[in-house]
Amino acid sequence: MTPFSAALAGIILVAGCTGSEGPNDPAGPFTAVSAGYPFTCGIMPPGNSYCWGYGRDGELGDGDTTNSATPVAMADGLTFEEVSTGYFFACGIATTRAAYCWGANSSAQLGNGTTTVRTSPAAVAGGLTFTTVSAGTGFACGVTTSGAAYCWGINLSGQLGNGATSVSPDSTPVTVTGGLTFAAVSAGDQFACGITTTGAAYCWGDNSVGELGDGTGTGSHVPVAVSGGLSFAAVRAGDSFACGLTTTGMAYCWGSNLAGALGNNDTTTKKSLAPSAVTGGLTFASIGTGSYHACGLTTAGAAYCWGNNLEGELGTGTFTKSAAPIPVRGGLTFTALTAGFYHTCGLTSSGTLYCWGDNSGGDLGDGSGSVMSNVPVLVVRG
């Protein structure tokens, strides 16, 4: 199975802070952040995007193909409301509600009708207007202003959700079948999940380890309902697992339990075909999924992570994995949290950004360019 960046991913989490910086001021506060693989992107007022980390496939969007250990400004002068980083590519929603993608494009994941790498944002074909977008592994999905879900890119396991059994990629957006009205969608590795405006969760694509959460273990080229009848406020697709946050703030995960990714304190069960409650009784305001780790932000702003920790992505000061949520070291209070492939980032109310975990491409943005960290480090902004 190919690696996934999150979106875990991946979808950008927006904090409610403002600023008066100029359009190219890299020292202003961040208002949002999204951790991918192996890079990160953030937004500063009034919608200017900056990326850092691995850039050899153009994923930094700065018109270049070099790495950067500190934030670099996005090319083309677009202003974004949201950005989502995936596996060597990213997508964003401009203030016009048009979707743009940049970076690697071998699977047509940029959605612009080509398979050509882009080092700066390229408009997604079709003229659709989106409210949200999510970049996964080799494909992306978005929700339009009318609540329809569209996906584009690779379709090896039916992750585009349009009912097609062809494995050929779609280089332009195709409609997710079923007539559902979505509030959000999350693209994972070979599957995707979304929540409807009524709070029901649906997933589609690969289901070999229970990624769809429908209790069957059978893949689907169309959306299938996540079992359990839970009402979700958010859902995030990871590598081979997913996590959802109910309307009461309780976290559930399903799919592969490699390295304790499900957070249910079960170290023997390899997978769960249906939602399993994250242990600890914590009430979360948001949740994010990476490769095989996940993080949640409590209503008080405390960050907890669980799962794999080979690169220090749990931020606990160790490299020991955990099958249950453990607090991120440092006592920081966050307003937003995003889990990438092997790293995690959190945003404070003042717009200060911290990242921890893998730093092989400069993912952490601290200027070191290679030194991993198992505790939060400050992203350099100038």
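Located above this text is the structure these notes cover.
Reading the values: rules and limits
Residues numbered from 1 in each chain as written. Predicted model: local features only at pLDDT ≥ 70, side-chain atom pairs only at ≥ 80, totals over all residues. Heavy atoms only, no water. Helix = DSSP H or I, 4+ residues; strand = E, 2+ residues; numbered from the N terminus. Buried < 20%, exposed > 50% of the residue type's maximum accessible area, 1.4 Å probe, protein only. Contact = heavy atoms within 4.5 Å. Disulfide = S-S within 2.5 Å. Salt bridge = Lys/Arg side-chain N within 4 Å of Asp/Glu carboxyl O. Pairing = 2+ DSSP bridges. Axes fitted to C-alpha atoms, helices over the stretch in contact; angles between N-to-C directions.

(A) Examining the overall build of the chain more closely. Scanning the chain from terminus to terminus reveals 0 helices and 30 strands. Overall size of the chain, expressed as C-alpha extent along the three principal axes, is 50 × 45 × 30 Å. A buried classification covers 61% of the 382 residues belonging to the chain. Considering only contacts within the chain whose residues lie at least 6 apart along the sequence, 50% involve residues at least 24 apart.

(B) The arrangement of the state of the cysteines in detail. The final tally for this structure, using the stated rule, is 7 disulfides. There is a disulfide in this structure between C91 and C101, and the S-S distance comes to 2.1 Å. Of note, the bridge from C91 to C101 carries an S-S torsion of about 100° and is right-handed in sense. Of this pair, C91 sits in strand β8 (residues 89-94) while C101 is found in strand β9 (residues 99-103), placing the two residues 10 residues apart along the sequence.

(C) A look at unusual backbone geometry. The omega angle of the peptide bond from Y37 to P38 is -15°, so this bond is cis rather than trans. The residue P38 is located in the loop between β3 (32-35) and β4 (39-44) in this model. That bond from P45 to P46 is cis: its omega, 0°, falls within 30 degrees of zero. With respect to the helices and strands, P46 occurs in the loop between β4 and β5 (48-53). In the Ramachandran plot, A108 falls in the positive-phi region, its phi being about 65° despite a non-glycine side chain. Residue position: A108 is located in the loop between β9 and β10 (118-123). Even without being glycine, N265 reaches a positive phi, approximately 65°.

(D) Fine view of the pattern of salt bridges. Tallying each qualifying case throughout the model produces 1 salt bridge. A salt bridge links E81 to R97; its shortest N-O distance comes to 3.1 Å. Residue E81 is found in strand β7 (residues 80-85), and its partner R97 is found in the loop between β8 and β9; the two are separated by 16 residues along the sequence. Taking relative accessible area as the criterion, E81 reaches 36% and is therefore assigned partly exposed.

(E) Quick look at the sheet that holds β10. Read across the sheet, 4 strands follow the order β7-β8-β9-β10 without closing on themselves; strand pairing throughout is antiparallel. The sheet is open, and its two borders are formed by β7 and β10, each paired with just one other strand. Each neighbouring strand pair of the sheet contributes to a mean axis angle of 20°, computed without reference to strand direction. Bridge count between β9 and β10: 3 bridges; the pairing is antiparallel. Counted as the bridge partner of G103 is R118 from β10.

(F) Region of interest: the pairing of strand β21 (residues 251-256). Here β21 lies mainly inside the structure; 5 of its 6 residues are buried. A loop of 4 residues connects strand β20 (residues 241-246) with β21, the two strands running antiparallel in sequence, and G249 in this loop sits at a positive phi of about 90°. Where β21 lies against strand β22 (residues 271-277), 4 bridges are found, and the strand directions are antiparallel. Residue pairing for β22: C253 is matched across the bridge by S276.

(G) Layout of the side chain of S157. With respect to the helices and strands, the residue S157 is situated in the loop between β13 (149-153) and β14 (170-175). Classification of S157 as buried rests on a relative accessible area of 15%. Aside from chain neighbours lying at most four places away, what touches S157 is Q190, G205, D206, S220 and H221.

(H) Local environment of the sheet that holds strand β30 (residues 373-378). The 4 strands lie next to each other as β27-β28-β29-β30, forming an open sheet whose pairing is antiparallel. Lying at the two open borders of the sheet, with one neighbouring strand each, are β27 (336-339) and β30. Each strand of the sheet is rotated relative to its neighbour by a mean of 15°, with strand direction disregarded. Across 4 bridges, the pairing between β27 and strand β28 (residues 343-347) is antiparallel.

The values reported here are purely geometric and, on their own, carry no functional implication.
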